[in-house]
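Structural characterization, general
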Amino acid sequence: VDDDTTNLIVLEALMKTLSIPTEAASSGPAALKKIKARASSSSCCNRYKFILMDYEMPKMTGPETTHELMTLYNNDVIPYPVVIGHTAYSGEEEVMEFKDSGAREVIFKPTDRKELHRITTIYGCRH
């Protein structure tokens, strides 16, 4: 989830090199809509396992979106996803805001393929 098209293109390309399918959203509300739609689907793949969430976006910040996502999970509306904060801000306040909202950890931009490999392996997103 990122409001910057270039960031989405780069992330999708990096995930493709790791053989991980992706689906992009350009805002918090768009991501929540996709997540809810997927959760209510009757297909075998009705949840996102892994979500990279940008920090600063219009309408809803990454932490606000993550908090809303965790509320849906806690109310049994959606299956539990792994949310990783993804930001250019490296300040302790931004990192804590993401973690307090429910993100498992935070990685920093520019995104590194090795870092994506590490977190997708740790959180069971690899095929």
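Up top is the structure.
Let us look at the structure shown here. (Residues numbered from 1 in each chain as written. Predicted model: local features only at pLDDT ≥ 70, side-chain atom pairs only at ≥ 80, totals over all residues. Heavy atoms only, no water.)

1. As for the pairing of strand β3 (residues 105–108)
- Bridge count for strand β2 (residues 82–87) against β3 is 4 bridges, and the pairing is parallel. The residue of β3 that forms the bridge with T87 is F108.
- Once you follow β2 into helix α4 (residues 92–101) and on to β3, the crossover reads as right-handed. (Pairing = 2+ DSSP bridges. Helix = DSSP H or I, 4+ residues; strand = E, 2+ residues; numbered from the N terminus. Right-handed = clockwise from strand over helix to strand, strands pointing away.)

2. Digging into the packing of aromatic side chains
- Counted under the stated rule, the structure contains 2 aromatic pairs.
- Taken together, a centroid distance of 5.7 Å and an interplanar angle of 70° make the contact between Y55 and F98 edge-to-face. Highlighted residues: Y55 in the loop between β1 (50–54) and α3 (62–74) and F98 in helix α4, separated in sequence by 43 residues.
- Taken together through their ring pairs, the aromatic side chains of Y55, Y89 and F98 make up a single cluster.
- Sitting over the ring of Y48, R38 keeps its end group 4.2 Å from the ring centre. (Phe/Tyr/Trp six-rings, centres within 6.5 Å; stacked < 30°, edge-to-face > 60°. Lys NZ or Arg CZ within 6 Å of the ring centre and 35° of its normal.)

3. Here's the deal with the packing of helix α2 (residues 28–39) against α3
- The interhelical angle for the contact between α2 and α3, taken along N-to-C directions, is 20°, at an axis separation of 10 Å. Judged by the angle between their axes, α2 and α3 are roughly parallel. In the crossing of α2 with α3, the sense of the turn from one axis to the other is right-handed. Of α3, the residues touching α2 (which contributes G28, L32, I35 and K36) are T65, E68, L69 and L72.
- When grouped by side-chain class, the residues that make up the contact of α2 with α3 number 4 nonpolar, 2 polar and 2 charged. (Axes fitted to C-alpha atoms, helices over the stretch in contact; angles between N-to-C directions. Parallel < 35°, antiparallel > 145°, perpendicular 65-115°, else oblique. Left-handed = near helix turned anticlockwise from the far one by under 90°. Contact = heavy atoms within 4.5 Å. Nonpolar A, V, L, I, M, F, W, Y, C, P; charged D, E, K, R; others polar.)

4. Considering a negative patch on the surface
- Side chains of E64, E93, E97 and D100 sit close together on the surface and give a patch of like negative charge.
- Here the negative patch gets 3 residues from one element, more than from any other, and that element is α4.
- Within the element layout of this structure, E93 appears in helix α4. (Patch = residues over 30% accessible without salt bridge, like charges linked within 9 Å, V, L, I, M, F, W, Y side chains within 5 Å. Areas by Shrake-Rupley, 256 points an atom, 1.4 Å probe, with all protein chains shown as cover. Salt bridge = Lys/Arg side-chain N within 4 Å of Asp/Glu carboxyl O. Lys, Arg positive; Asp, Glu negative; His and termini not counted. Charge placed at Lys NZ, Arg CZ, Asp CG, Glu CD.)

5. Section: the nonpolar core
- Residues V1, I35, I51, M53, L69, V83 and F98 are the most contacted members of the largest nonpolar core, which totals 19 residues.
- With near-sequence residues (within four places) excluded, F98 lies in contact with M53, D54, Y55, G62, P63, T66, G85, H86, A103 and V106. (Core = buried A, V, L, I, M, F, W, Y, C linked by side-chain atoms within 4.5 Å. Buried < 20%, exposed > 50% of the residue type's maximum accessible area, 1.4 Å probe, protein only.)

6. Things to note about the side chain of S27
- Structurally, S27 is set in the loop between α1 (5–17) and α2.
- Excluding anything up to four places from it in sequence, S27 contacts V1 and M57.

7. Examining the pattern of salt bridges
- Per the counting criterion, the structure on display carries 6 salt bridges.
- The salt bridge involving R118 is made with E115; its shortest N-O contact spans 2.9 Å. Of this pair, R118 and E115 both sit in helix α5 (residues 113–122), 3 residues apart, which is roughly one turn of the helix.
- Residue E115 is classed as partly exposed on the basis of its relative accessible area, which comes to 25%.
- Where salt bridges share partners, they join D2, D54 and K109 into one cluster.

8. Some details on unusual backbone geometry
- Of note, the amide linkage connecting K109 to P110 takes the cis form, showing an omega dihedral of 0°.
- With respect to the helices and strands, the residue P110 is situated in the loop between β3 and α5.
- In the Ramachandran plot, S19 falls in the positive-phi region, its phi being about 60° despite a non-glycine side chain.
- With respect to the helices, strands and loops of the structure, S19 is situated in the loop between α1 and α2.

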